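Architecture and fold: a report
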Amino acid sequence: MVVLPVRFERSPRLHPMLSEVAHPVGTRVVVQGKRGPEVATVRGEPTPPQEQERYGAVLRAATPEDLSRWEDLHATGEDLKWLLRARARQRSLPVKVVAVEFTLDESLVTVSYSAEERIELTGLISELRGHTRARVNFAAVGPREQAQMIGTLGACGRENCSSTHLQDFAPVSIRMARDQQLPLNPEKLSGPCGRLLCCLQFEHTQYLDLLKDLPRKNARVCHEGSGACGKVTKLHPLAGTVDVTTDQGVLTDVPAAELRRLTDAEIKAMPDTGRGGGRPGRPNRAQSRE
């Protein structure tokens, strides 16, 4: 027995399945999942099973008859999805039907939907009875799961990460955007699902490592070369530089290695104009040209 990672059609997540045969990558197989028999695709090399792990089972390689039946059920599910959407509009139900999926033996049909509040969906079951004898299961999905199942384009112009490779939805916070010095604009930080971009977490640990070598924003520092002192106003982690505002103007892209952070005693000993507590002075045009 070996363990094969398989992928279902509407999700990039890999599911480990026990198999007696080490089917090669790309093989369409019939598996026994939680909902029943379904068609999946082998997406990885076989590995030995682990103790105390629970696995589904690969029943067999999918035959042409299995694939033909699976395509027919998929087409039927698409038709029923649009039917349920129309009936929901007629009944004024605040719900969006995301997908209708059958098991291979047509014993179960799963209706995935999204709704902002709890609603009664028994009226939609009667709509399905005239088209299938399968047992009906309604499954609520969140915004990220909805984007994963439907598939959308991200701000980068490529298909969204949740539909291509993400295995789990890790927590994403606005702090990650702050650490990466991104403008806190909800429109630019949100994905098609309306939630914070999943890709904010991809490089967050690297940014945390880079920020360790930079002074904090609003810290009081002095430039070792010119002796100018002021307040850190902007960080550039990738370049390893910062912007410093002084009474004489703004020092841009100053390497962090050339800055010395002032102690509390030094800050207290400085005159008010040197602390940068008020609005920094602005040099005249002649000074700027010099």
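Residues numbered from 1 in each chain as written. Predicted model: local features only at pLDDT ≥ 70, side-chain atom pairs only at ≥ 80, totals over all residues. Heavy atoms only, no water.

Per an unreviewed UniProt entry, the protein goes by the name PSP1 C-terminal domain-containing protein and belongs to Deinococcus xianganensis.

What follows deals with the sheet that holds strand β6 (residues 96–102). With respect to topology, three strands assemble into an open sheet ordered β6-β7-β8, the strand pairing being mixed. One side of each edge strand has no neighbouring strand; the edge strands of this open sheet are β6 and β8 (135–140). Across the sheet, the mean angle separating the axes of adjacent strands is 20° when strand polarity is ignored. Pairing geometry for strand β7 (residues 108–114) and β8, over six bridges, is parallel. What sits directly across from Ser112, in β8, is Ala139. Strands β7 and β8 of the sheet are contacted by helix α2 (residues 122–129), whose axis makes an angle of about 140° with β8. (Pairing = 2+ DSSP bridges. Helix = DSSP H or I, 4+ residues; strand = E, 2+ residues; numbered from the N terminus. Axes fitted to C-alpha atoms, helices over the stretch in contact; angles between N-to-C directions. Contact = heavy atoms within 4.5 Å.)

This paragraph deals with unusual backbone geometry. Phi is mostly negative for residues that are not glycine, and the peptide bonds are mostly trans. Positive phi, close to 60°, is recorded for Ser92, a residue that is not glycine. Of note in the backbone geometry, Gln181 takes a positive phi value of approximately 60° without being a glycine. Tracing the chain through its elements places Gln181 in the loop between α5 (174–179) and α6 (186–189).

Right, let's talk about the pairing of strand β3 (residues 28–32) for a bit. Side-chain direction in a regular strand flips from residue to residue, so the side chains alternate between the two faces of the sheet. Here β3 pairs with strand β4 (residues 37–42) via five bridges, running antiparallel. Its bridge partner lying in β4, Gln32 is registered against Pro37. Taking the residues that link successive antiparallel strands as the turn, the β3-β4 hairpin has four residues, and the phi of Gly36 there is positive, at about 140°.

The subject of this paragraph is the nonpolar core. With 17 residues, the main nonpolar core has Leu80, Leu84, Val100, Phe102, Val109, Val111 and Leu128 as its most contacted residues. Mapped by element, the contributors of at least two residues to this core are α1 (64–90), β6, β7 and α2. Among the elements that take part in this core, α1 stands out by supplying five residues, more than any other. Apart from the residues within four sequence positions on either side, Leu84 is in contact with Val97, Val100, Val111, Leu124, Glu127 and Leu128. Counting residues in hydrophobic clusters, the runner-up holds ten residues, among them Val221, Val244, Val254 and Leu259. (Core = buried A, V, L, I, M, F, W, Y, C linked by side-chain atoms within 4.5 Å. Buried < 20%, exposed > 50% of the residue type's maximum accessible area, 1.4 Å probe, protein only.)

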